[in-house]
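Examination of the molecular architecture
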Amino acid sequence: MAQSAKRFPLPSSVGVAPGTEAAQAAYPWYMQFEPGDDTRFWFYNSMHFPEPMCLFDMVTAEAAYIALGASNTRVHSLPTTKGIDYRIVNGRVYIGGHGVTDPAEIEERTAEFQQRAFYYYEHWERLYDQWKGKMKALINAAQALPKVELPRYEPLENVHAGKGVAANHTLLTTWHATLEGYFRMWHHHFEFLLLGYGAYMVFFDFCKKAFPEITDQTIARMVAGFEAEIFQPDEEVKRLSRRAVELGVDHHFIDSQSADQIMASLQASGQAGQDWLTALESSRNPWFNVNVGDGFYHYHRSWNDDLSLPFAAIPGYAAKIRAGENIERPTEALMAERQELIEGYRELLGSDEERAAYDQMIELACRVFPYVEGHKFYCEHWYTNLFFNKVREYGALLAGLGMWDAEEDIFHLSRYEVEQAIVDAMTSWAIGLPPRGTQRWRPLIAERKAALQVWSGMESSPALGEVPDLIDDPAIVMLWGITRESLDRWLDGGEENPNEIKGFAASSGVVEGTARVVKSVQDIGRLQQGDILVCQVTNPTWAPVFQKIAAAVSDIGGSMSHAAIVAREYGLPAVVGTGKATTRIPDGARIRVDGARGLVTIL
């Protein structure tokens, strides 16, 4: 471990906020820090969990890391890295990688990897088509789950048919099926993901050795300009914007009005409004089954549940359409640049053997890379929305039985506590007495809500534990932007020049503008035309608001993070992995973003 005058806090030194100890203890014991964790390095996963986590929502971390570890360690057997461990303190999720350093184990795992991963690469298209079939079947199964209800009497037709199983048992089987499907989804999620990154990482490593001066961003641009399902929701918003202009109804989309008000206005506007609403319905299924976050918080609702985000984008798109401006993603330009870079660097190689290896690696990277973003539509969005909405059904049923006040209160219980409440309801229905939980859950829910408020106002260290001499997990470097250099910058805190913030050069271009600090999804509506988005992390489903911004700056992320990928695909300058941009840049300040140098300057 590196010795330095500056260091991140040890996990054992991070105290639980006074008054929130019981809420902290409510998270399962296996998510809590323990004394032995002081010897390991942890970093705050603000890429996926930028806000304090409700107790139930921690199932999103639990299921994801179980599946990721299984894929890395046991299924595809990545040679030098295994799974990711996680802990939670004050509502914040910290993670740590588990690398492989023993040469004998690396050799053993490499042999396994070649038998497993190479088969996937060889049969990628067939297996990926099969994967889509599995995901659609899983989605269909989730949609077909029985409605959550407890009738006054068992339906007479069930009795006459000799069903022999009462309605309260269906509560339990549906709950188990809901959880099982969610955990299963995450296994499907990681079936291809790490292989997609792996193919790119092999190409990345080759380029770094063959072309010592090449930048990370240049290599990333060699796989840019791809089509993936996660970009289609924004394409649908553009289509609806064009249709609104064609029908002459775009004036109904007013920023100060709610989505319901706009829908009512269109409904009353005659045939043109009706035609636009018909077009809306064709977009909503399936493409509006995306949420405004990244699929890890129950309150980041889908566009179908809340049309505010897509409707907010229509005035800007419509104005550009009327002005004759191009609103398309610059895919053709990105593909042309990609081909030019691939051919240009190929010519620099000194032998036919090197060129053959280069051709093979870049061909594989371009074949598999669309999955890296495309899977998100099916997994983190469509399926996750179904999952959370089914949990809401239980929340509504149990609220109706008097256990708590509103359906959303269920998310302040752990998944284990929810099952206890379900069994309590099953017993209550069976014996004809009120559930006992009416006295238990309300004070706990109030206590946990209060704790979240406290935690939301706290600053969290970007990392915990001793700083490693070397970060050798390529996924941690490329996705989260965690390198020894970035950790040193975080520790420095900007003391060299308080007006300069360094990060990863994610997408080239230089712009100046007003910084708009967005710390949660609820702040997106504050963005104005020409603002520079400063956030903890961006999300592909924010794409409709990208038309407004001039550039993006994020706290977390590496050259292949979602923030970096989306910025490149939309041709926006971006700097990611700055560490503390959201705390160091004042909201409303004028800043300059240099996406090629990875530099943000407060002017």
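Residues numbered from 1 in each chain as written. Predicted model: local features only at pLDDT ≥ 70, side-chain atom pairs only at ≥ 80, totals over all residues. Heavy atoms only, no water.

A few words on the environment of I95. Checked against the element boundaries, I95 lands in strand β3 (residues 92–99). Considered as a pair, I95 and Y44 are 51 residues apart in the sequence and their alpha carbons are 6.4 Å apart. Look past the residues within four positions of I95 in its chain and what remains in contact with it is F41, W42, F43, N45, Y65, I84, D85, Y86 and W480. (Helix = DSSP H or I, 4+ residues; strand = E, 2+ residues; numbered from the N terminus. Contact = heavy atoms within 4.5 Å.)

This part covers the sheet that holds strand β2 (residues 81–89). The 4 strands lie next to each other as β2-β3-β1-β4, forming an open sheet whose pairing is antiparallel. The open sheet has two free edges, formed respectively by β2 and β4 (463–464), since each of these has just one partner strand. (Pairing = 2+ DSSP bridges.)

Let us now look at the packing of aromatic side chains. Tallied over the full model, the rule gives 49 aromatic pairs. Ring plane angle 40° and centroid distance 5.6 Å describe the contact between Y44 and Y94, whose orientation is recorded as tilted. Taken together, the residues Y44 in strand β1 (residues 42–44) and Y94 in strand β3 connect sequence positions 50 residues apart. For the pair formed by Y44 and Y94, the shared burial category is buried. An angle of 40° between the planes, with centres 6.1 Å apart, marks the rings of Y200 and F204 as tilted. Of the two residues, Y200 and F204 are both situated in helix α6 (residues 167–210); the distance of 4 residues between them amounts to about one turn of the helix. Residue Y200 is classed as buried on the basis of its relative accessible area of 0%. If you follow R329 out to its NZ or CZ, it ends over the ring of F231, 4.2 Å from the centre. One Lys or Arg, R329, reaches over the ring of Y570 and ends 6.0 Å from the middle of that ring. (Phe/Tyr/Trp six-rings, centres within 6.5 Å; stacked < 30°, edge-to-face > 60°. Buried < 20%, exposed > 50% of the residue type's maximum accessible area, 1.4 Å probe, protein only. Lys NZ or Arg CZ within 6 Å of the ring centre and 35° of its normal.)

In short, shape yes, function no, at least from these values alone.
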